[in-house]
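# Architecture and fold: a report
Given next are the chains, with one letter for each unit.
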Amino acid sequence: MKEIKAFIRSHRIADVIAALKEIGHCNLDEKSGCRNLSVFAVKGVLKTVDAQEQHYSIELGQEMINEFKLELLCEDQQADDLVEIIRSTGRTGSRRRVGFM
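A few points on the structure.

The rules we used
Residues numbered from 1 in each chain as written. Predicted model: local features only at pLDDT ≥ 70, side-chain atom pairs only at ≥ 80, totals over all residues. Heavy atoms only, no water. Helix = DSSP H or I, 4+ residues; strand = E, 2+ residues; numbered from the N terminus. Polar contact = N/O pair within 3.5 Å; in protein donor to acceptor, adjacent residues only side chain to side chain. Contact = heavy atoms within 4.5 Å. Salt bridge = Lys/Arg side-chain N within 4 Å of Asp/Glu carboxyl O. Core = buried A, V, L, I, M, F, W, Y, C linked by side-chain atoms within 4.5 Å. Buried < 20%, exposed > 50% of the residue type's maximum accessible area, 1.4 Å probe, protein only. Expected span 1.5 Å × (residues − 1). Arc of directions from axis to C-beta.

Structurally, Lys 69 is set in strand 4 (residues 62–74). A distance of 3.0 Å separates the side chain of Lys 69 from the side chain of Glu 71, its partner in a polar contact. With residues up to four places along the chain from it excluded, the contact list for Lys 69 reads Lys 5, Ala 6, Phe 7, Ser 38, Val 39, Phe 40 and Val 42.

In structure tokens form, the structure reads like this:
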């Protein structure tokens, strides 16, 4: 069993979830092998190309962006395929390095 975590910009998360469901390996049923898909709203301290994405957080005293943290469990043999789907669908076009655990 593998755990995949990814931080995804708010305007890409719906497409990533749809792509995961579309492949048939991640339909969130007991038979698919992909389980416990969770999505959390988070704030990130990132520089963006589009200044409209950033806002100033009074609580944190920083410029922040809103994004989502996606977590899912999958069978070992599915991990590489799922990471590639998340990476390609979640891509924003920026040259920022994307890391997966």
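Picking up where we left off.
All told, the structure shown has two salt bridges when counted by the stated rule. Here Asp 15 ties to Arg 12 by a salt bridge, and the two come within 3.0 Å at their closest N and O atoms. Note that Lys 69 is salt-bridged to Glu 71, the shortest N-O span being 3.0 Å.

Our focus in this paragraph is the nonpolar core. Counting residues in each nonpolar core, the largest one holds 17 residues, and the members touching the most others are Ile 4, Ile 8, Leu 20, Leu 70, Leu 72, Leu 82 and Ile 86. When residues in this core are grouped by element, the largest group, five residues, is from helix 2 (residues 79–90). Those residues in contact with Ile 8 that sit more than four places away from it in its chain are Ile 13, Val 16, Glu 67, Phe 68, Leu 70 and Ile 86.

In this section: the environment of Glu 63. Examined against the element boundaries, Glu 63 turns out to sit in strand 4. On the basis of relative accessibility, which here comes to 41%, the residue Glu 63 falls in the partly exposed class. Separated by 18 residues in sequence, Glu 63 and Val 45 place their C-alpha atoms 6.6 Å apart.

Here helix 2 spans 16 Å end to end across 12 residues, near enough to the 16 Å set by a 1.5 Å rise per residue. Along helix 2, the residues that are buried comprise Ala 79, Leu 82, Val 83, Ile 85, Ile 86, Thr 89 and Gly 90. The arc that holds the buried residues of helix 2, viewed along the axis, is 160 degrees, so those residues lie on one side. Each element contacted by the buried residues of helix 2 is listed here: strand 1 (2–9), helix 1 (13–22) and strand 4.

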